[in-house]
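Architecture at a glance
The residues making up each chain are set out below.
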Amino acid sequence: MKFITVDSYEKLSRQAANIISAQVIIKPDSVLGLATGSSPLGTYRQLIDWYEKGDIDFSECISVNLDEYVGLGGENDQSYRYFMNHNFFHAINIKPENTFVPNGCAEDLAAECEKYDARIADLGGIDLQLLGIGLDGHIGFNEPDDYFVKNTHVVELHESTIKANSRFFENEAEVPRRAVTMGMVSIMQAKKILLIASGKNKRDIVEKAFFGPITPKIPASILQLHPDITVIQCLN
Ligand code: GLP
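Only a predicted model underlies this, so the values are computations on that prediction, with no experimental measurement involved.

A word on helix H4 (residues 109-122). With 14 residues, H4 extends 20 Å from end C-alpha to end C-alpha; this agrees with the ideal 20 Å at 1.5 Å per step. Those residues of H4 that fall on the buried side of the exposure criterion are Leu109, Glu112, Cys113, Tyr116, Asp117 and Ile120. Along H4, the residues classed as buried sweep out an arc of 135 degrees about the axis, all on the same side. Projecting away from the buried face of H4 at angles above 90 degrees are the exposed residues Ala110, Glu114, Ala121 and Asp122.

Below, the structure is given as structure tokens:
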């Protein structure tokens, strides 16, 4: 595990963008596993800036996102599809048909989950997976549990996650209670993992996840077993 601590969000974003950029330059048709949340916003902004300067080309890239709220369509500005379109995809030259986010409005969610895993497998797996970390140690929306869930699945969000994510909604009642999330197989089979954690409030969970026991009570702790993971944290 490579563990990097930086002293500003700007540096975190630049380092993370550097790793993603290197991946895309070395393998232009990379399958990028992407994340939402406030942590990757600076990384996406930096990548957009380099794209605009002509330094990086996403035209052959494929993206698969980690998760989506159940019941929110892509036109809903709280959905993760909307987040990705507006904070990244629309500003770069990735082909829209090459961007995948689970469909939280699928009539048959179980079938949607199976389809999502099959798609990732068809693509040959993920080359580089970008992750944030929730305050309870969740990755994607893999919440603390008695076991690690292997495949893409529907999850009941924990109260602490609903509370934490309510900052993006008008109020807590509006936060969907369920989400579709990639499971641990697709994440752990990614060839490389890059986890970014920003802010003082993430300090404790990062310590537990990467230096404590591996337990499904802290889902991110499984990442200690990954052979090629970089963690960048900024403590401010
Ligand atoms: C959400 C997302 C996660 C993300 C987490 C942390 O719950 N599903 O993928 O890592 O939030 O978000 P933030 O970076 O805003 O703290």
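On we go.
To continue, consider the sheet that holds strand E4 (residues 67-69). By definition, the strands of a sheet pair up through backbone hydrogen bonds, in either a parallel or an antiparallel sense. Sheet architecture is open: three strands sit in the order E4-E8-E7, paired in antiparallel fashion. Looking at which strands have only one partner, the edges of the open sheet turn out to be E4 and strand E7 (153-156). This sheet shows a mean twist of 25 degrees between the axes of neighbouring strands, independent of strand direction. Relative to strand E8 (residues 178-181), E7 is paired through four bridges, and the arrangement is antiparallel. Directly across from Glu156, in E8, lies its bridge partner Arg178.

Now for the site of the ligand. Taken together, the neighbourhood of the ligand is formed by 14 residues, with Ser38, Ser39, Asp67, Arg167 and Lys202 sitting nearest. Here a nitrogen atom of the ligand sits 3.2 Å away from a polar atom, N or O, in the main chain of Gly140. Residue Asn165 places a side-chain N or O atom 3.2 Å away from an oxygen atom belonging to the ligand. About the coverage of the ligand: the protein hides 95% of its 390 Å² of free accessible area. In this structure, the ligand is accommodated by the largest pocket.

What follows concerns the pairing of strand E2 (residues 31-34). Of the two faces of E2, the one holding Val31 and Gly33 and the one holding Leu32 and Leu34 are both buried throughout. Relative to strand E3 (residues 62-65), E2 is paired through four bridges, and the arrangement is parallel. Following the sheet pairing, Val31 is matched in E3 by Ile62. Here E2 runs beside strand E6 (residues 128-131); their pairing, made up of two bridges, is parallel.

What counts and what doesn't
Residues numbered from 1 in each chain as written. Predicted model: local features only at pLDDT ≥ 70, side-chain atom pairs only at ≥ 80, totals over all residues. Heavy atoms only, no water. Helix = DSSP H or I, 4+ residues; strand = E, 2+ residues; numbered from the N terminus. Expected span 1.5 Å × (residues − 1). Buried < 20%, exposed > 50% of the residue type's maximum accessible area, 1.4 Å probe, protein only. Arc of directions from axis to C-beta. Pairing = 2+ DSSP bridges. Axes fitted to C-alpha atoms, helices over the stretch in contact; angles between N-to-C directions. Near = heavy atom within 4 Å. Polar contact = N/O pair within 3.5 Å; in protein donor to acceptor, adjacent residues only side chain to side chain. Areas by Shrake-Rupley, 256 points an atom, 1.4 Å probe, with all protein chains shown as cover. 1 Å grid on protein atoms, 1.4 Å probe; cavity = no way out; pocket = protein on both sides within 12 Å on 5 of 7 lines; lining within 4 Å. Sits in = over half its atoms within 2 Å of the grid points.

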